[in-house]
Amino acid sequence: MALPDGSNAALAEALGREAGADNEPAAPGDVSHCGQKKTQNNLCFRVAERIIKPLPGVEPCRFAPACATRPPVAAFSPPAHRNEIPCRLTAESRKGRHLSSRFITYKKGGEQMVEMKSRWVMWAVLATAAVGCLCSCASMDNLMGGKAGKTPMDIDVEGFGRTADGEQVRLYTLTNTSGLKAQIMTYGAIVTSLEVPDKHGEMDDVVLGYDNLPAYIENSPYFGAVVGRYGNRIGKGKFTLDGVTYTLATNNNENHLHGGLKGFDKVVWDDEPVWRPDAVGVRLSYLSKDGEEGYPGNLKATVTYLLTNNDELRIEYEATTDKATPVNLTHHGYFNLTGGERDILGHELMLNAAEFTPVDEGLIPTGELRPVEGTPMDFTRPATIGARIENDYEQLRFGGGYDHNWVLTRQGREMSQAATVYEPTTGRVMKVYTTEPGVQFYAGNFLDGTITGKEGKVYQHRYGFCLETQHFPDSPNKPSFPTTILRPGQTYETTTVYRFATK
Ligand code: GLA
């Protein structure tokens, strides 16, 4: 964890004392005392009560975590892994304010995991303190919630059923200090719900999806998923790399789309909770084997979803490989900022893009970068999605509406703004930032009322839109496009942020 200069010594001192403090009586006004508690399951958990020694300029906080079991719930019975127990942490501030944050941890054969998690939280608390919140536990309040009108940051986890192969799927619920909630499941790395406020503070779920796992498995047009190994299309499902021609699974007529027949949206990812001083999250990992869907190389992919206290859903992608391979990971969330009240045609969209990549009838880019100026593809100034979507323009006919990649106007590889979406009836605003060179704006043209989603809502034509930040489609066959080839020794790293606000 990165800490500001000068804070490491204090932190190390505090942590060293914490590590050695177990079972010692508490010195008055000093560090800690810890005990052992046998739970009903006859498993040992550490119960700790300690005072964190003040870091320079920071008021001391009384930090009283207690990690206790709750009876294994159905989803954990039998546990997904042997000896795995969900665990809960609560904390209160020095003034007795109940901060009541929860997190989960897994007990794998001993109390060490619990201790590590406790210490991990200590790291987070200390790092938060060290980065400069100055008075009366403000930093801890930020981590754990507890300020008037604020909710505690929270990670909760529950079972969400099993796949046909019997693999356990878990659902994470992330809550930030403004009360925004994101739910993410380990099947498909899918964001199943995202609750954000409107201009009156009313929370609504602004993404499409289903209420249950079987519906996602049976028929999902990539609702909320991470798509890979290659998001978007590869023409005719073929590409040549270092003189070898690879043939991929074709699942979109003659083309390869979103990773093939069983892409990253249809596998169960490994998971671990992530606590950061200003965000809660889940880190999902998947090993895509050499030859999977026709791709070369074992690809280790990780996707970290973070719900930040700046009201952002932040997605960090990482991958490494042992053979050169194309990689293009993206998030396929369908947004509807009305909360699913009506279609998305009234949403105002701005895209920070002066060009797009026109396509042929199969939606494969021709290789051209075409200026948007003077076409219905021009969103350089905000326009409603519906204003020109039915215009008589060949590209819109090919896509059945907007289903194209825009070339983002950007400088360098730093994160820059890709899009702003404003929904006038609710006042909700979503801004998209990315390190990627392109964004696929898809207007939900294939939704046709045959899908009934969450809470019995029928998803009519254009009921959700996607902003899939990405490299350009068919790049492995288009040498003029930015490369998507990852080679052994390199690390694929991209970040995209969806930030929510109201106006
Ligand atoms: C992407 C594609 C679309 C469609 C949707 C899912 O956005 O570009 O053509 O496949 O995914 O239906």
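Calculation rules
Residues numbered from 1 in each chain as written. Predicted model: local features only at pLDDT ≥ 70, side-chain atom pairs only at ≥ 80, totals over all residues. Heavy atoms only, no water. Helix = DSSP H or I, 4+ residues; strand = E, 2+ residues; numbered from the N terminus. Contact = heavy atoms within 4.5 Å. Near = heavy atom within 4 Å. Polar contact = N/O pair within 3.5 Å; in protein donor to acceptor, adjacent residues only side chain to side chain. Areas by Shrake-Rupley, 256 points an atom, 1.4 Å probe, with all protein chains shown as cover. Nonpolar A, V, L, I, M, F, W, Y, C, P; charged D, E, K, R; others polar. Pairing = 2+ DSSP bridges. Salt bridge = Lys/Arg side-chain N within 4 Å of Asp/Glu carboxyl O. Buried < 20%, exposed > 50% of the residue type's maximum accessible area, 1.4 Å probe, protein only.

**Some details on the environment of Lys457**
Okay, so step 1: For Lys457, the location among the structural elements is in the loop between strand S30 (451–452) and strand S31 (458–459).
Okay, so step 2: A C-alpha to C-alpha distance of 7.7 Å links Lys457 and Gly340, two positions 117 residues apart in sequence.
Okay, so step 3: Excluding its chain neighbours within four sequence positions, the residues that come into contact with Lys457 are Gly339, Gly340, Glu341, Ile451 and Thr452.

**Focus on the site of the ligand**
Okay, so step 1: Tyr222, Arg233, Leu257, His258, His332, Tyr334, Asp403, Gln440, Tyr442, Phe446 and Glu468 make up every residue found near the ligand.
Okay, so step 2: In the model, an oxygen atom of the ligand is placed 2.7 Å from a nitrogen or oxygen of the Arg233 side chain.
Okay, so step 3: The fraction of the free accessible surface of the ligand (300 Å²) that becomes covered by protein chains is 95%.
Okay, so step 4: Partitioned by chemical class, the residues of the shell around the ligand number five nonpolar, three polar and three charged.

**Looking at the sheet that holds strand S29 (residues 438–442)**
Okay, so step 1: Strand order in the open sheet formed by five strands is S24-S23-S26-S29-S32, with antiparallel pairing between adjacent strands. The sheet is open, and its two edges are formed by strand S24 (370–371) and strand S32 (466–470), each paired on a single side.
Okay, so step 2: Relative to strand S26 (residues 403–408), strand S23 (residues 353–357) is paired through four bridges, and the arrangement is antiparallel. In the strand pairing of S26, Ala353 is matched with Leu408.

**Considerations on the side chain of Thr186**
Okay, so step 1: Mapped onto the fold, Thr186 is located in the loop between strand S8 (181–185) and strand S9 (190–197).
Okay, so step 2: A distance of 2.9 Å separates a polar atom in the side chain of Thr186 from the backbone nitrogen of Arg170.

**Overview of the pattern of salt bridges**
Okay, so step 1: In this structure the tally under the stated criterion is 15 salt bridges.
Okay, so step 2: Taking the shortest distance from any N to any O, the salt bridge between Asp242 and Arg487 comes out at 3.0 Å. Here Asp242, found in the loop between strand S13 (238–241) and strand S14 (244–247), pairs with Arg487, found in the loop between strand S33 (485–486) and strand S34 (492–502); they are 245 residues apart in sequence, far enough to count as distant.
Okay, so step 3: A residue is classified by how much of its surface remains accessible, and Asp242, at 56% relative accessible area, is exposed.
Okay, so step 4: Among the salt bridges present, the one from Asp290 reaches Lys323, with a minimum N-O distance of 2.6 Å. Here Asp290 is found in the loop between strand S17 (279–288) and strand S18 (299–308), whereas its partner Lys323 is found in the loop between strand S19 (312–321) and strand S20 (325–326), with 33 residues between them in sequence.
Okay, so step 5: Of the residues examined, Asp290 reaches a relative accessible area of 35% and is grouped as partly exposed.

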